[in-house]
Amino acid sequence: AQSVTQLGSHVSVSEGALVLLRCNYSSSVPPYLFWYVQYPNQGLQLLLKYTTGATLVKGINGFEAEFKKSETSFHLTKPSAHMSDAAEYFCAVDTGFQKLVFGTGTRLLVSP
Amino acid sequence: DTGVSQDPRHKITKRGQNVTFRCDPISEHNRLYWYRQTLGQGPEFLTYFQNEAQLEKSRLLSDRFSAERPKGSFSTLEIQRTEQGDSAMYLCASRKETEFSYEQYFGPGTRLTVT
């Protein structure tokens, strides 16, 4: 069965610091990987996705992620955090079974 | 493209009552999904439609839950005899089957509170 593990339910950074949110997946077939962001009482917005091709993918708002097959990881990074980045972030995998499997989420806290 | 819309945004009901939620997908998106998100958790798959056909249902979808997409456009999710454990955010998403990106577009969700 496919699964996603997000290490750290909460990550705290200072404004301007590097953001690193970790995601590891389990899949028996090549996965499609996604990062979504959720602001309070809102739906999910796609940040970026990996399907095929280049393993380093860039998304919106300065975020990027690298697919590492050997490590079964898809960590999300941003060089410099902004206050507006404070939100819940979800990693998800789609292995072709037509549904997304999500991790439990990481809440990013940004302090001034 | 006006995005995925859901109605209502919030619903408070008493235990034992029936509730119905509506989802309007992005036009021309033939795949429609329902997810449930409880506090502190990621969304969990409930069911999905390809056009009007319901192709898969999760074990989370008990007999009290029913979903329809009668004309392959909007969808409804009904919960009968609600229980406090049904309190959650219900998310709808849609995608175009012909796209190879597997990207799903989510609506704002319906937050259900069962008292």
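In what follows, the structure referred to is the one given above.
Not measured: the values here are computed from a predicted model.

Contacts between the two partners involve 21 residues from chain A and, on the opposite side, 24 residues from chain B. Between chain A and chain B, the buried area comes to about 1800 Å², and carbon and sulfur atoms account for 52% of it. Joining chain A to chain B, the criterion identifies two salt bridges. The partner of Lys99 of chain A in a salt bridge is Glu56 of chain B, and the shortest N-O contact between them spans 2.9 Å. On the surface where chain A and chain B come into contact, there are six residue pairs in polar contact (both at pLDDT 80 or more).

Residues and elements named next belong to chain B. Strand order across the open sheet formed by four strands is β1-β3-β8-β7, with antiparallel pairing between neighbours. Of all strands in the sheet, those bounded by a partner on one side alone are β1 (5–7) and β7 (65–68). Taking each pair of neighbouring strands and ignoring which way they run, the sheet shows an average axis angle of 15°.

Turning our eyes to something else, we now look at the side chain of Arg95 of chain B. Along the chain, the position of Arg95 of chain B falls in strand β9 (residues 88–95). With sequence-adjacent residues up to four places away left out, Arg95 of chain B is seen in contact with Gln98 of chain A together with His29, Asn30, Arg31, Tyr33, Tyr102, Glu103 and Gln104 of chain B.

Turning next to the nonpolar core. In terms of nonpolar packing, the biggest core is built from 26 residues, with Trp35, Leu48, Phe74, Leu76 and Tyr89 of chain A touching the most fellow members. Contributing elements (two or more residues each) for this core: β2 (10–14), β3 (19–21), β5 (32–38), β6 (44–50), β8 (64–68), β9 (73–78), β10 (87–94) and β12 (106–111) of chain A. In terms of residue count, β10 of chain A provides more of this core than any other element does, four residues in total. Filtering out sequence-adjacent residues up to four positions away, Tyr89 of chain A remains in contact with Gln6, Leu21, Trp35, Tyr36, Val37, Leu47, Phe63, Leu76, Gly105, Thr106 and Leu108 of chain A. Counting residues in each nonpolar core, the second largest holds 19 residues, with Phe49, Leu61, Ala88 and Leu112 of chain B among its members.

Turning to the packing of aromatic side chains, a few remarks are in order. The geometry of an aromatic ring pair is captured by two quantities: the separation of the ring centres and the angle between the planes. Counted according to the given criterion, the structure contains 15 aromatic pairs over all chains. Ring centres of Phe21 of chain B and Tyr90 of chain B lie 5.4 Å apart, and the angle between their planes is 40°; on these two criteria the pair is classed as tilted. One end of the pair, Phe21 of chain B, is in strand β3 (residues 19–24); the other, Tyr90 of chain B, is in strand β9, and 69 residues separate them in sequence. Comparing Phe21 of chain B with Tyr90 of chain B, the two get one shared label, buried. Geometrically, the ring pair formed by Phe45 of chain B and Tyr48 of chain B is tilted, given 6.3 Å between the ring centres and 55° between the ring planes. For the cation-ring pair, Lys99 of chain A lies above Phe45 of chain B, with the distance from its terminal atom to the ring centre recorded as 5.4 Å. Sitting over the face of the ring of Phe74 of chain B, Arg22 of chain B holds its NZ or CZ atom 3.9 Å from the ring centroid.

All right, on to the pattern of salt bridges then. Any two side chains of opposite charge can pair if their charged atoms end up close together. All names here are of chain A. Taken as a whole, this structure holds nine salt bridges over all chains when the rule is applied. Here Glu88 ties to Arg107 by a salt bridge, and the two come within 2.9 Å at their closest N and O atoms. Placement of the pair is Glu88 in strand β10 and Arg107 in strand β12, with a sequence separation of 19 residues. Taking relative accessible area as the criterion, Glu88 reaches 12% and is therefore assigned buried.

Here the focus is the state of the cysteines. The final tally for this structure, using the stated rule, is two disulfides over all chains. Paired through a disulfide, Cys23 of chain A and Cys91 of chain A show a sulfur-sulfur distance of 1.9 Å. Here the S-S torsion is close to -65°, and the disulfide linking Cys23 of chain A with Cys91 of chain A is therefore left-handed. With a gap of 68 residues between them, Cys23 of chain A in the loop between β3 and β4 (24–26) and Cys91 of chain A in strand β10 connect regions that are remote in the sequence. One exposure class covers both Cys23 of chain A and Cys91 of chain A, and it is buried. The disulfide bridge from Cys23 of chain B ends at Cys92 of chain B, spanning 1.8 Å between sulfur atoms. Since a negative S-S torsion denotes a left-handed disulfide, the Cys23 of chain B-Cys92 of chain B link at about -65° is left-handed. With Cys23 of chain B in strand β3 and Cys92 of chain B in strand β9, this pair connects stretches of sequence that are 69 residues apart. For Cys23 of chain B, a relative accessible area of 0% gives the class buried. For Cys92 of chain B, a relative accessible area of 0% gives the class buried.

Rules used throughout
Residues numbered from 1 in each chain as written. Chains lettered and ligands numbered in written order. Predicted model: local features only at pLDDT ≥ 70, side-chain atom pairs only at ≥ 80, totals over all residues. Heavy atoms only, no water. Contact = heavy atoms within 4.5 Å. Buried area = accessible area lost by both parts, 1.4 Å probe. Salt bridge = Lys/Arg side-chain N within 4 Å of Asp/Glu carboxyl O. Polar contact = N/O pair within 3.5 Å; in protein donor to acceptor, adjacent residues only side chain to side chain. Pairing = 2+ DSSP bridges. Helix = DSSP H or I, 4+ residues; strand = E, 2+ residues; numbered from the N terminus. Axes fitted to C-alpha atoms, helices over the stretch in contact; angles between N-to-C directions. Core = buried A, V, L, I, M, F, W, Y, C linked by side-chain atoms within 4.5 Å. Buried < 20%, exposed > 50% of the residue type's maximum accessible area, 1.4 Å probe, protein only. Phe/Tyr/Trp six-rings, centres within 6.5 Å; stacked < 30°, edge-to-face > 60°. Lys NZ or Arg CZ within 6 Å of the ring centre and 35° of its normal. Disulfide = S-S within 2.5 Å.

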